[in-house]
Amino acid sequence: VQMIRQQLALELGIIVPPIRIRDNIQLEANEYLVKSHGAPVARGTAEADRFLAIDSGAATEKLDGDETIEPAFGMPAVWIYPSSREYAERVGYTVVDAETVVATHLTEVIRTRAAELLTKDEVRKLLDAVKEYSPGTVEEVVPNILSITEIQKVLQNLLQEKVSIRNLASILEVLGDVGRRTKDPDILTEFARNGLKRWLCNEYAAPGTNKLFVVTMDPRLEEQLQQRIEHTEAGSFITLHGAASAKLVEAISAEVQKQVQGGNNPLLLTGPQIRLHVKRLTMARLPMLAVMSLNEILQDFEPISVGMVRVDLNS
């Protein structure tokens, strides 16, 4: 658990609160439950004397064992006995022990819920840490330009999309410039992402390359979405009725599935005006999908289209 906290601190730039482990006789013998702020947020099972064989799409045979779903990413899996481990690996399964199942699930739960773990007190601690090596940056922005609450909202928006806030000094420099013109957290977040282009491109590029394998959107579809954006005092949003929204998400899902089957990370590329709205539309159905805008791609990275989303929202 200590290693998980250290890993996520380096990866996301947040201070993960202490994690307590307790017995609970109300749970089944092999069951575990993860709570956040006292409320259950995830649960799973871990067979201590067996291994979990996970089918990530490469498995060629069926295994004897108890079929289940891998808890962190929802992939089909089978609990097998140690004697079957070598065979399972040979026919394309990824095989892990029970401890790894729990650790991976816990790590993903924290990644997914990092935004809600970032309290105002945690933001203050992060700002104090930046003050030690860049005091001028913090003093210029807080509270003269933006309040702790406004900065917290931007950082939570970034974490909601699993974007690291480790380079907080750079984020504050961007917020200091833009915060003089607007306090809208969505606009501030989009500018903060632009300041993190290098991290975004490196995070989503194919390992060891500068290539970004992306699904794009039909220009006519982007235009239809842009025409549906409404701006209010409470922020901006896309006006799509339920059927149109479902049709769009279904079309995105189909193209992204092809991308994943081709061995690429799920990545959708859109115009900057609609990026945030598309991410919000897909978050419930496709939580693992990263959505980048054209403005966020550095010149030394090469976007390669592996599919295009085509759907007519007017029909």
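Preceding block: the structure.
Just so we're clear, the structure is a prediction, and the values are computed from it rather than from any experiment. (Residues numbered from 1 in each chain as written. Predicted model: local features only at pLDDT ≥ 70, side-chain atom pairs only at ≥ 80, totals over all residues. Heavy atoms only, no water.)

### Focus: the packing of helix α1 (residues 2–12) against helix α3 (residues 98–112)
Right, on to step 1. Packing of α1 against α3 leaves a shortest axis separation of 11 Å and a crossing angle of 40°. Helix-helix and strand crossings are classified by hand; for α1 and α3 the assignment is right-handed. Contact residues: I4, Q7, L8, E11 and L12 in α1; A103, L106, T107, I110 and R111 in α3.
Right, on to step 2. For the contact of α1 with α3, the class distribution of residues is six nonpolar, two polar and two charged. (Axes fitted to C-alpha atoms, helices over the stretch in contact; angles between N-to-C directions. Helix = DSSP H or I, 4+ residues; strand = E, 2+ residues; numbered from the N terminus. Left-handed = near helix turned anticlockwise from the far one by under 90°. Contact = heavy atoms within 4.5 Å. Nonpolar A, V, L, I, M, F, W, Y, C, P; charged D, E, K, R; others polar.)

### Some words on the pattern of salt bridges
Right, on to step 1. A full pass over the atoms with the stated rule returns 23 salt bridges.
Right, on to step 2. Residues E116 and R113 are paired through a salt bridge, measuring 3.1 Å at the closest nitrogen-oxygen approach.
Right, on to step 3. Residue classification places R113 among the partly exposed residues on the basis of a relative accessible area of 29%.
Right, on to step 4. The residue R198 makes a salt bridge to D300 at a minimum N-O spacing of 2.9 Å. (Salt bridge = Lys/Arg side-chain N within 4 Å of Asp/Glu carboxyl O. Buried < 20%, exposed > 50% of the residue type's maximum accessible area, 1.4 Å probe, protein only.)

### Focus on unusual backbone geometry
Right, on to step 1. With an omega of 0°, the peptide bond between V142 and P143 qualifies as cis.
Right, on to step 2. Within the secondary structure layout, P143 lies in the loop between α6 (135–141) and α7 (148–160).
Right, on to step 3. One non-glycine residue, H37, lies in the positive phi region at around 55°.
Right, on to step 4. Assessed through its relative accessible area of 65%, H37 is described here as exposed.
Right, on to step 5. Even without being a glycine, K162 presents a positive backbone phi close to 60°.
Right, on to step 6. Under the relative-accessibility criterion, K162 is labelled partly exposed at 22%.

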